[in-house]
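Structure at a glance
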Amino acid sequence: MKIHEYQGKILFQKYGIKTPKGIPTFSVEESVAAFDELETSPVVVKAQIHAGGRGKGGGVKLAKNREEVKNLAKEILGMTLITHQTGTNGKEVERLLIESGADIDQEFYAAITLDRGKEMDVFMVSTEGGVEIEKVAQETPEKIIKVWIDPFLGMKMFQASQLAYALNLKDGALKEASKIFLKMYECYIATDSSLLEVNPLVKTADNHIVALDAKFNFDSNALFRQHEIVEMRDLSEEDPMEVEASKYNLNYIKLDGNVGCMVNGAGLAMATMDIIKLAGGDPANFLDVGGTANAETVKNGFRIILSDSNVKAILINIFGGIVRCDRVANGVVQAVKELGLEVPVVVRLEGTNAKEAQIILKESGVSIIPAIGMKDAAEKVVNAALKAEKN
Amino acid sequence: MSILINKNSNVVVQGITGSEGQFHSKQMIEYGTNIVAGVTPGKGGQKTLDDNVPVYNMVIEAVEKENANTSIIFVPPAFAADAIIEAALAGIKVIVCITEGVPVQDMTKAKQIVKKHNIHLIGPNCPGIITVDECKLGIMPGFICKKGNIGVISKSGTLTYEAIDQLVHAGLGQTTAIGIGGDPIIGTTMKDCLALFEEDVETEGVVIIGEIGGQMEIEAAKWAKENMTKPIVGFIAGQTAPPGRRMGHAGAIVSGGDDTAEAKMRILGECGINVAKSVADIGELMKKAMEKR
């Protein structure tokens, strides 16, 4: 789960990490009022969407007076922002952050995330702040300084100083940065974050360390104990069908192709998408129906897949273990009948009671294309999609 | 021979009185697994599963009174890491954690404990492990397996069944099949499992099934290149997965570097592993690799 920058900064303030004064707004009027309230100039008008690269995409701009704030708010609110992280469709801006400008002397990068290889969290800083960190990592990896944090010890003072020294800081700024690093780690742990990134973290002209950005990703497995974070969830930032699917405990991710698929198990679902592609088609989605593939789940799965008008054919691929294939077959038949499905459906059922399932499908009277094995299933569904595309 | 578990494993089921624990314990006993005890805090003193299995409050009691040496965990995600640590400190040597949705922070700690005590933890978020015709410690359908000489290691549940099914159709049976789990932090890694299969005299070939995200497949492949004498067939799921999206498993996310399916398949190939481009080719490729030996 992700949150907006302004929400991240609310968390920062709670943990004592200094950020510029700012006010989130949802309209032009609110934005102008925010400028009046801040009583400072210039201010930064920042688009609030769940993606990086907002500055480059034209979503972060400087305003020197009331009039400029008004014009920029008009321009940015409602615009579709396209950045390297939004995909080609971009995202519509619905919220702004109006923030006091900072007098920047130096820009740094600071982030905490899980190092899967070392099986502990890693704290990274770099003097190359304000730019794409992926580039720095690729071209000058020596400019990223890392310390690994033992989960039982937590972050130690010397590690925080080590990072501050690496940024060539001195005196007051050195102490301030070390403190901020410790607080960042405290916040990261307390909120069950999987990523906490500040880019840029700056040293101001008057020698203070301030976080100009706050990017959080949270461990979705831990949301059950993070009520404050869950409150911050902005559903408008997520695909509506993915949100709908999650209500039925279905794991759905929309893609750009025309072959829908419904599978039990995440690994098999990915492999099904891959084999559709190998057969010359394009998967329209990832959909894992989990361990209970009954009539109700199959019906919900169909509804979600078919809400995407690109879908021309659907492949159901179930490997029955604990789930019995004859039950799944009955579910499929019932769902096809009730929904009056017009899209061709290819069904491959393997495992427990697969033979009984074949008979049910054959004798059902509904037009289902049975398949044996994944290769056969993929070829059949791709052909069906091609045929439907032509008609 | 086999790896990690066999007919002599004395199994304690943590969370035995829950619905999952009840259902799968029955299935495991039917398969032949030697379940000696169950644990559910607050229900100690009862007997469960037709009055056959004693229930204790703590794992340590199952170890002391029933000689339990192996555990399987079916407790909710909030308590799973605690259950792992309890089993580890009670002296259990092989722990299988089926639970899906364990917070990563809980797992970084639990992993350090099991490492320190030299324990084999399988999972979490996994289908478990099966030694064919001897012992099933998990939720997989046992009947699809056939006894033979191939080891199976996989990050995914149903994809493991798919691979086993294809092996059987290709005339190849299995020694042990392990679902290692799809989370960012898991106990026994792909490399650890390869090393166990290399040592096992009965296993003559291995199938590894990975997916996008992390470096585990690459670490295993590089180790295999230097140390493995038995043929390996590899498959990586997620060739069509969009970057930055979590594909069902918590760990299945492309986040930069060599963690795409394409990169992993290339590196597996460079390390001498027979890479199946299509999931449908796993069985046939293994058959060919075994004939070529």
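Remember, it's a predicted structure, so these values are computed and weren't measured experimentally. (Residues numbered from 1 in each chain as written. Chains lettered and ligands numbered in written order. Predicted model: local features only at pLDDT ≥ 70, side-chain atom pairs only at ≥ 80, totals over all residues. Heavy atoms only, no water.)

Side note on the overall build of chain A
Along its length, chain A carries 13 helices and 18 strands. Its C-alpha atoms give chain A principal-axis dimensions of roughly 80 × 50 × 40 Å. Relative to its full complement of 391 residues, chain A shows a buried share of 55%. Within chain A, contacts between residues separated by at least 24 positions form 68% of all contacts whose residues are at least 6 apart in sequence. (Helix = DSSP H or I, 4+ residues; strand = E, 2+ residues; numbered from the N terminus. Buried < 20%, exposed > 50% of the residue type's maximum accessible area, 1.4 Å probe, protein only. Contact = heavy atoms within 4.5 Å.)

Quick word on the sheet that holds strand β2 (residues 43-47) of chain A
All names here are of chain A. Read across the open sheet, the four strands follow the order β1-β6-β2-β3; overall the sheet is antiparallel. Lying at the two open borders of the sheet, with one neighbouring strand each, are β1 (22-25) and β3 (60-63). Direction aside, neighbouring strands of the sheet carry axes that sit 20° apart on average. With four bridges joining them, β1 and strand β6 (residues 96-100) adopt antiparallel strand pairing. Within the sheet, the bridge partner assigned to Thr25 lies in β6 and is Leu96. Lying on the sheet, helix α1 (residues 5-14) is in contact with β1, β2 and β6; it crosses β6 at an angle near 50°. (Pairing = 2+ DSSP bridges. Axes fitted to C-alpha atoms, helices over the stretch in contact; angles between N-to-C directions.)

Quick look at the interface of chain B and chain A
Interface size, as often reported, equals the accessible area lost upon joining of the parts. Taken together, the contacts link 55 residues of chain B with 44 residues of chain A. Buried area between chain B and chain A, both sides added, is near 3900 Å², and the carbon and sulfur share of it is 62%. On the surface where chain B and chain A come into contact, there are four salt bridges. Across the salt bridge formed by Arg348 of chain A and Glu162 of chain B, the nearest N and O atoms sit 2.8 Å from each other. For the side of chain B that touches chain A, the secondary-structure elements that each account for two or more residues are α1 (19-31), α4 (104-116), α5 (158-169) and β13 (232-237) of chain B. Looking at the side of chain B that touches chain A element by element, the count peaks at nine residues for α4 of chain B. Looking at the side of chain B that touches chain A residue by residue, the class counts come to 27 nonpolar, 17 polar and 11 charged. (Buried area = accessible area lost by both parts, 1.4 Å probe. Salt bridge = Lys/Arg side-chain N within 4 Å of Asp/Glu carboxyl O. Nonpolar A, V, L, I, M, F, W, Y, C, P; charged D, E, K, R; others polar.)

Brief notes about helix α3 (residues 77-89) of chain B
Owing to its 3.6 residues per turn, the α-helix aligns residues three or four sequence positions apart on the same side. Residues and elements named next belong to chain B. For α3, built from 13 residues, the straight-helix expectation of 18 Å at 1.5 Å per residue is met to within 8% by its first-to-last C-alpha distance of 19 Å. Regarding α3, the residues found buried are Ala80, Ala81, Ala83, Ile84, Ala87 and Ala88. All buried residues of α3 lie within an arc of 160° about the axis, which places them on one face of the element. Pointing more than 90 degrees away from the buried face of α3 are the exposed residues Phe79, Asp82 and Leu89. Looking at the buried residues of α3, the elements they touch are β1 (11-14), α2 (59-66), β5 (70-73), β6 (94-97), α4 and β7 (120-122). (Expected span 1.5 Å × (residues − 1). Arc of directions from axis to C-beta.)

Considerations on the pairing of strand β8 (residues 120-126) of chain A
Residues and elements named next belong to chain A. Across the seven residues of β8, seven count as buried, placing the element largely inside the fold. Strand direction decides the pairing type here: strand β7 (residues 104-115) and β8, joined by seven bridges, are antiparallel. Residue pairing in the sheet places Ile112 in a bridge with Phe123 of β8. A loop of four residues connects β7 with β8, the two strands running antiparallel in sequence, and Glu119 in this loop sits at a positive phi of about 60°. With six bridges connecting them, β8 and strand β9 (residues 144-149) associate as antiparallel partners. Note on β9: the bridge partner recorded for Asp121 is Ile149.

Quick notes on the packing of aromatic side chains
Residue and element names in this part refer to chain A. Enumeration according to the criterion identifies five aromatic pairs over all chains in this entry. Geometrically, the ring pair formed by Tyr185 and Tyr188 is stacked, given 6.5 Å between the ring centres and 20° between the ring planes. Here Tyr185 and its partner Tyr188 are both found in helix α6 (residues 171-190), three residues apart, which amounts to about one turn of the helix. Tyr188 shares its class with Tyr185; the two are buried. Through a chain of ring-to-ring contacts, three or more aromatic side chains come together here, namely Phe12, Phe216 and Phe218. Sitting over the face of the ring of Trp148, Lys118 holds its NZ or CZ atom 4.3 Å from the ring centroid. (Phe/Tyr/Trp six-rings, centres within 6.5 Å; stacked < 30°, edge-to-face > 60°. Lys NZ or Arg CZ within 6 Å of the ring centre and 35° of its normal.)

Some thoughts on the sheet that holds β7 of chain B
Residue and element names in this part refer to chain B. The mixed open sheet is built from seven strands, whose spatial order is β3-β4-β2-β1-β5-β6-β7. Each edge of the open sheet carries a strand with a single partner, namely β3 (47-48) and β7. Direction of pairing for β3 relative to strand β4 (residues 53-56): antiparallel, over a ladder of two bridges. Each residue of the ladder has a partner; that of Thr48, found in β4, is Val53.

Some details on the environment of Val11 of chain B
All names here are of chain B. When you line up the elements, Val11 lands in strand β1. Judged by its relative accessible area of 0%, Val11 falls in the buried class. Remark: the alpha-carbon pair of Val11 and Leu137, spanning 126 residues in sequence, is separated by 8.4 Å.

Comments concerning the state of the cysteines
Residue and element names in this part refer to chain B. Counting across every chain of the model gives zero disulfides over all chains. Take Cys126: it sits in no disulfide, and the sulfur closest to it among the cysteines is that of Cys97, at 7.1 Å. On the accessibility criterion, Cys126 (5% relative accessible area) is buried. (Disulfide = S-S within 2.5 Å.)

Considerations on the packing of helix α9 (residues 266-278) of chain A against α5 of chain B
Each packed pair of helices is defined by two parameters, the angle between the axes and the distance between the axes. Between α9 of chain A and α5 of chain B, the least distance of the axes is 6 Å, while the angle of their chain directions is 65°. By the angle between their axes, α9 of chain A is roughly perpendicular relative to α5 of chain B. For the pair α9 of chain A and α5 of chain B, contact is made by Gly267, Leu268 and Ala271 of chain A and by Thr158, Leu159 and Glu162 of chain B, respectively. Of the residues in the contact of α9 of chain A with α5 of chain B, the class split is three nonpolar, two polar and one charged. (Parallel < 35°, antiparallel > 145°, perpendicular 65-115°, else oblique.)

Side note on the domain arrangement of chain B
All names here are of chain B. Looking at the assigned domains, one finds that chain B contains domain 1 (11-122) and domain 2 (141-291). Relative to domain 2, the C-alpha centre of domain 1 lies at a distance of 27 Å. In this complex, domain 1 contributes nine residues to the contact, which on the side of domain 2 involves 11 residues. Counting each side, the surface lost to burial between domain 1 and domain 2 is near 860 Å², with a carbon and sulfur contribution of 63%. Our enumeration of links across domain 1 and domain 2 arrives at zero salt bridges. If you look at where domain 1 meets domain 2, you find three residue pairs in polar contact (both at pLDDT 80 or more). At the level of elements, α4 and β7 are the ones that each hand at least two residues to the side of domain 1 that touches domain 2. Of the residues in the side of domain 1 that touches domain 2, the class split is six nonpolar, two polar and one charged. (Domains from an automatic or database assignment. Polar contact = N/O pair within 3.5 Å; in protein donor to acceptor, adjacent residues only side chain to side chain.)

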